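Spelled out, the chains give:
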2 protein chains.
Amino acid sequence: MRIHVLGSAAGGGVPQWNCGCPNCRTARRSIQRSAVSARLHPSSLIPHPSLRRTQSSVAVSADGKRWVLLNASPDLCTQFASFPSLGPSGGKLRGSPLEAVVLTDGEMDHVTGLLSLREQKNLRLVCTKGVLNLLKHDFPILPALGRYFEIQHSSFPSRIAGLQILAEDVSGKAPPYAKRASRNGDVTGLRIKSVETGKTLVYLPGVSAITNRVRRLVDGCDCLLLDGTFWSNDEMTSLGLTKRTAHDMGHVPISGDGGSLAWLSGLNVKRRIYIHINNTNPVLRKGSRERKAVERAGVEIAHDGMDFRL
Amino acid sequence: MRIHVLGSAAGGGVPQWNCGCPNCRTARRSIQRSAVSARLHPSSLIPHPSLRRTQSSVAVSADGKRWVLLNASPDLCTQFASFPSLGPSGGKLRGSPLEAVVLTDGEMDHVTGLLSLREQKNLRLVCTKGVLNLLKHDFPILPALGRYFEIQHSSFPSRIAGLQILAEDVSGKAPPYAKRASRNGDVTGLRIKSVETGKTLVYLPGVSAITNRVRRLVDGCDCLLLDGTFWSNDEMTSLGLTKRTAHDMGHVPISGDGGSLAWLSGLNVKRRIYIHINNTNPVLRKGSRERKAVERAGVEIAHDGMDFRL
C-alpha cells in the first residue's frame, strides 16, 4: 500500500491567511526566501522547506495505479498539481486515477475540495449517512455539485480498488455549520486494509479522546496517522484566540495526562505519525522542546509530500 | 492604485486535476523540475515558471495598505500565502488588510474561496442582489458561512478603502448550478477608480460579447483585465471535451471576427491584459503563434504574481 500525504495541516493551513503567530510569520518569510533562491518570482512558488503546510488530505493506493482520496481539502488543486501520480495517465486528454473520495467527517476543511472536482462525469463518494445529510442539508454543496456530475454515494464498509475501508465513530463534534446537535457517525476514524497484502493504515485526523473504541480501531495496524492539531489543551485559549479548549473543539491534545503522546509512546505500531497539525502548534518547529519530545517517543510529524509504502 | 494578480487561470487552473492537454502536462513536468532545481521535495513547491497558474483572482489597493479582493478563488489559501502584503501586519496575532471581497458573478471558481475566510468576525461582501441570491439559495454557502462570521452585504456602487467600485451587467450566463434562467446582474464587469488619483481599472474576467455596454464600461480606463478564457470559439469542441462553444459558455474568444483581440488592437488603453485563461489556451505557451499575435497587438498575458501600479 502506498500512502502520500497531500496536506498535513489543520484548517487554515500554514500560513493561515490572517494569522500572525510565529509559525505563520516564519512560513511566509520562507516562501519568499525560497522563491529568491530558486530565482523565481516570490509569488511563483509555494514551498514549505519546513513550516509551510496545506490542509490535511491523504492519497492511498493498493496498486500504485488507482487512488483513493481521504478527505478533500480546500487546497486540492495545489495538492494534485504537486503529485503527478494523480494526473491523467497514458496520454489521455482527460482522466484520473482517482477511484473515490472517502470522508471522515463534514468539516469544511475536509469537504471543500469536492467543489474542485467538477470537470468529470461521476464521483464515488464514501461517507456515513450523517455526513451525507450534512452535505445535503446543512452545508448543501452536494445538490449544487449534482448539476455538474453524478455523485454515487456509499457508506461503510466499502471495498474500492483493492482496499477494504471500515469506519468507526469517534464521538466527535458536528461541524460548526450543523443546524442540529452532534450525532453518532458525524466524526469517524478509518481503517484501510490492502486486500492483497493485509497491510493496514488507520486514519484519525480528528479524535476527541483516546477511548477503548479508538484503541480497538488502531489495534494491529501497520501505520497510524493521528490527530496532532494541538500540543496543549489551552493552546488557543492562552493565545487569546478563542475561549474553546482543544477538547471543546473535539481534539485530544498531544501533551499532558490523557494526551495522545502518552498513549502513542507505548503503542506497538510501526509508524505513528501526527497529521492535521494546527498552525499554532510548536511541534511544527524543528528543534523545539515539543518536537523533540515527540521524536523521542518515536513518533513522526507529517509534512506535505510525505510518501511511503506499507 | 496597486494591482496584484493572485491567480490568472480560468476554472480548474493549470494544471487542472484531471487534464492531460499539452499545457497541463508541461505544467506538471515544470513543477517537478523546479522542485529538483530548488533542492526541495517535488511536492514542496508549486512554481509556475511559465505555465502553472491558479484560478483567477485579483487584489487591488488604493494606498498599498488596505486591500480589496476581486473574486475569491478556490486557490485562495495558496494565493494569500504567496503574497505577504495580504498577511496580518504590525505583529498582530490575527488580522488582515482585506477590507472586502467583490464578486463579478457566482461561478464556483469565483466564490469557493469565501469558504477559506472563516477565521474572522465579519466580512464585507459586495455583489449584485442576483449573485447574493444564488449564494443564498442555489449554491447556499452563505447561510453556512454565517455560522462562522457575520456577512455584511452591499451592492454596487460601493466605496471601499479609497476605491470607488461600479458594476455593469455584461449579459453573461448564470452558473451551471443555478436553478433558474440567467438574469440581469448574474455576470458583471467592474470599474474601479482610485478616489485620490482617478486612475481606473476595469475587470472583466467573463464577458460573452464586446457590446456597446462593454465599450462604455472600458472607455477612458487606464488598465483593462479582460476575459482570455479561449483562443477560439471551437477550442473545447474540437478537442472533443464538450459540445459547447466558447460563446455557449459565455466567453468571447480571443481570435476571429468579433473576437476580443480585434477590438483590443485598436483600443486606446495603456495596459490591456488577458486574464482568466483556460488551461487549453495556446496563448499560455511562450513563442506560440497565438501568443505572438497577442503580443504584436501590444496586449499582455497575465501570470500569477503579476504586480503593477496605475
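Data block above holds the structure.
Calculation rules
Positions within a chain are numbered from 1, following the residues in the order the chain's sequence is written. Chain A is the first chain written and ligand 1 is the first ligand written, with later ones labelled in order. Where local features are concerned, this predicted model is filtered to residues with pLDDT of at least 70; where side-chain atom pairs are given and counted, the filter is 80 or more; whole-chain, interface and lining totals use all residues. To obtain the side-chain values, all non-hydrogen atoms of the structure were included, while hydrogens and water were left out. In this text, helices come from DSSP runs of H or I with a minimum length of four residues, and strands from runs of E with a minimum of two, each type numbered from the N-terminal end. Three labels apply to residues, based on accessible area from a 1.4 Å probe with only protein chains included: buried if under 20% of the type maximum, exposed if over 50%, partly exposed otherwise in between. Any two residues whose heavy atoms approach within 4.5 Å are treated as being in contact. In this analysis, strands are considered paired if DSSP registers two or more bridges between them. To get an axis, fit a line to the C-alpha atoms, keeping to the stretch in contact for a helix; angles then go from 0 to 180 degrees between the N-to-C directions. Summed over both partners, the accessible area (1.4 Å probe) lost when two parts come together is defined as the buried area. By convention in these notes, a salt bridge is any Lys or Arg side-chain nitrogen within 4 Å of a carboxyl oxygen on Asp or Glu. Pairs of N or O atoms within 3.5 Å make up the polar contacts considered here, provided that, within protein, one atom can donate a hydrogen while the other can accept it, and that residues adjacent in sequence are counted only when both atoms are side-chain atoms. Note on residue classes: Ala, Val, Leu, Ile, Met, Phe, Trp, Tyr, Cys and Pro are nonpolar, Asp, Glu, Lys and Arg are charged, and everything else, Gly too, is polar. Think of a nonpolar core as a cluster: buried Ala, Val, Leu, Ile, Met, Phe, Trp, Tyr and Cys residues, connected wherever their side-chain atoms sit within 4.5 Å. The copies were overlaid by least squares, fitting only the C-alpha atoms of residues that reach a pLDDT of 70 or more in each copy. For Phe, Tyr and Trp, rings pair up if their centres lie within 6.5 Å, where Trp contributes its six-membered ring, and each pair is then called stacked (planes under 30 degrees apart), edge-to-face (over 60) or tilted (otherwise). The rule for a charge over a ring is simple: NZ of Lys or CZ of Arg within 6 Å of the ring centre, and within 35 degrees of the ring normal. Throughout, right-handed denotes a crossover for which the path from the first strand over the helix to the second runs clockwise when the strands point away from the viewer.

## Description of the side chain of B:Asn281
All names here are of chain B.
- Along the polypeptide, Asn 281 turns up in the loop between strand S12 (271-275) and helix H9 (289-296).
- For Asn 281, a relative accessible area of 0% corresponds to the buried category.
- Look past the residues within four positions of Asn 281 in its chain and what remains in contact with it is Asn 23, Gly 228, Thr 229, Phe 230, Trp 231, Glu 235 and Ile 254.

## A short note on the sheet that holds strand S2 (residues 57-61) of chain B
Residues and elements named next belong to chain B.
- Read across the sheet, seven strands follow the order S6-S5-S4-S3-S2-S1-S14 without closing on themselves; strand pairing throughout is mixed. Since the sheet does not close on itself, it has two edges, and those belong to strand S6 (150-154) and strand S14 (307-309), each with one partner. Pairwise comparison of adjacent strand axes, ignoring direction, gives a mean angle of 25 degrees for this sheet.
- As paired elements, strand S3 (residues 67-70) and strand S4 (residues 98-102) share four bridges and run parallel to each other. Looking at S4, one finds that Trp 67 is bridged to Leu 98.

## Some remarks on the sheet that holds strand S9 (residues 188-194) of chain B
Residue and element names in this part refer to chain B.
- Sheet architecture is open: seven strands sit in the order S7-S8-S9-S10-S11-S12-S13, paired in mixed fashion. One side of each edge strand has no neighbouring strand; the edge strands of this open sheet are strand S7 (158-160) and strand S13 (300-301).
- As paired elements, S12 and S13 share two bridges and run parallel to each other. Its bridge partner lying in S13, Ile 273 is registered against Glu 300.

## Focus on the interface of chain B and chain A
- Facing 70 residues of chain B, the contacting portion of chain A comprises 70 residues.
- When the two sides are added together, the surface that chain B and chain A hide from each other amounts to roughly 6000 Å², 62% of it contributed by carbon and sulfur.
- Of all residues in chain B, the largest losses of buried area upon contact with chain A belong to B:Trp17, B:Leu93 and B:Arg94, amounting jointly to 14% of the total for that side.
- There are zero salt bridges connecting chain B and chain A.
- If you look at where chain B meets chain A, you find 17 residue pairs in polar contact (both at pLDDT 80 or more).
- Sorting the residues of the side of chain B that touches chain A by element identifies helix H1 (22-37), helix H2 (76-81), helix H3 (108-111) and helix H5 (141-145) of chain B as the ones contributing at least two each.
- Sorting elements by how many residues they give to the side of chain B that touches chain A places H2(B) first, with four residues.
- Within the side of chain B that touches chain A, the residues separate by chemical class into 37 nonpolar, 21 polar and 12 charged.

## A few points about the nonpolar core
- Of all hydrophobic cores here, the largest spans 70 residues; its most connected members are A:Leu114 and B:Leu114.
- When sequence neighbours within four positions are dropped, the list of residues in contact with B:Leu114 reads B:Ala72, B:Val101, B:Leu103, B:Leu123, B:Leu125, B:Leu135, B:Ile141, B:Leu142, B:Leu145 and B:Phe149.

## Remarks on the pattern of salt bridges
Residues and elements named next belong to chain A.
- The final tally for this structure, using the stated rule, is 16 salt bridges over all chains.
- Note that Arg 213 and Glu 168 form a salt bridge whose closest N and O atoms lie 3.6 Å from each other. One end of the pair, Arg 213, is in helix H6 (residues 212-218); the other, Glu 168, is in strand S8 (residues 163-169), and 45 residues separate them in sequence.
- Taking the relative accessible area as the measure of exposure, Arg 213 reaches 34% and is therefore partly exposed.
- Each of Glu 168, Asp 169 and Arg 213 takes part in one network of salt bridges that share partners.

## Describing the relation of the copies chain B and chain A
- If you rotate chain B by 180 degrees and push it 0.0 Å along the axis, it lands on chain A with an RMSD of 0.0 Å. Taken together, the rotation and translation relating the two chain copies correspond to the operation of a two-fold axis.

## Examining the packing of aromatic side chains
- Within the structure shown, the criterion is met by six aromatic pairs over all chains.
- With a centroid separation of 6.1 Å and 80 degrees between ring planes, the pair formed by A:Phe80 and B:Trp17 is classed as edge-to-face. Of this pair, A:Phe80 sits in helix H2 (residues 76-81) while B:Trp17 sits in the loop between strand S1 (2-7) and H1, on two different chains. Here the two residues A:Phe80 and B:Trp17 agree in accessibility, since each one is buried.
- Aromatic side chains B:Trp67 and B:Phe83 sit 5.3 Å apart centroid to centroid with 85 degrees between the ring planes, which places their arrangement in the edge-to-face category. With B:Trp67 in strand S3 and B:Phe83 in the loop between H2 and S4, the pair connects residues that are 16 residues apart, well separated along the chain.
- Judged by relative accessible area, which is 0%, B:Trp67 ranks as buried.
- Of note, B:Arg118 hangs over the ring of B:Tyr148, and the distance from its end group to the ring centre comes to 5.5 Å.

## Concerning the environment of B:Met249
Residues and elements named next belong to chain B.
- Following the sequence through the fold, Met 249 ends up in the loop between helix H7 (235-238) and helix H8 (260-265).
- For the pair Met 249 and Asn 233, spaced 16 residues apart in sequence, the C-alpha separation works out to 9.8 Å.
- Discounting residues that sit within four places of it in the chain, Met 249 has contacts with Phe 230, Met 236, Thr 242 and Arg 244.

## Structural notes on unusual backbone geometry
- The omega angle of the peptide bond from B:Val14 to B:Pro15 is -5 degrees, so this bond is cis rather than trans.
- Here B:Pro15 lies in the loop between S1 and H1.
- Backbone geometry places A:Ala161, a non-glycine residue, at a positive phi of 50 degrees.
- Along the polypeptide, A:Ala161 turns up in the loop between strand S7 (158-160) and S8.
- Of note in the backbone geometry, B:Ser171 takes a positive phi value of approximately 55 degrees without being a glycine.
- Residue position: B:Ser171 is located in the loop between strand S8 (163-169) and S9.

## Concerning the pairing of strand S10 (residues 200-204) of chain B
Residues and elements named next belong to chain B.
- Burial analysis of S10 places five of its five residues in the buried class, which makes it a mostly covered element.
- Looking at chain direction, S9 and S10 are connected through four bridges and run antiparallel. Of the residues in S10, the one forming a bridge with Arg 191 is Val 202.
- Following S9, the chain reverses through five residues before pairing antiparallel with S10; Gly 198 in that reversal takes a positive phi of roughly 80 degrees.
- Looking at chain direction, S10 and strand S11 (residues 223-227) are connected through four bridges and run parallel. Bridge pairing in S11 places Leu 201 opposite Cys 223.
- With respect to chirality, the unit in which S10 leads through helix H6 (residues 212-218) into the neighbouring parallel S11 is right-handed.

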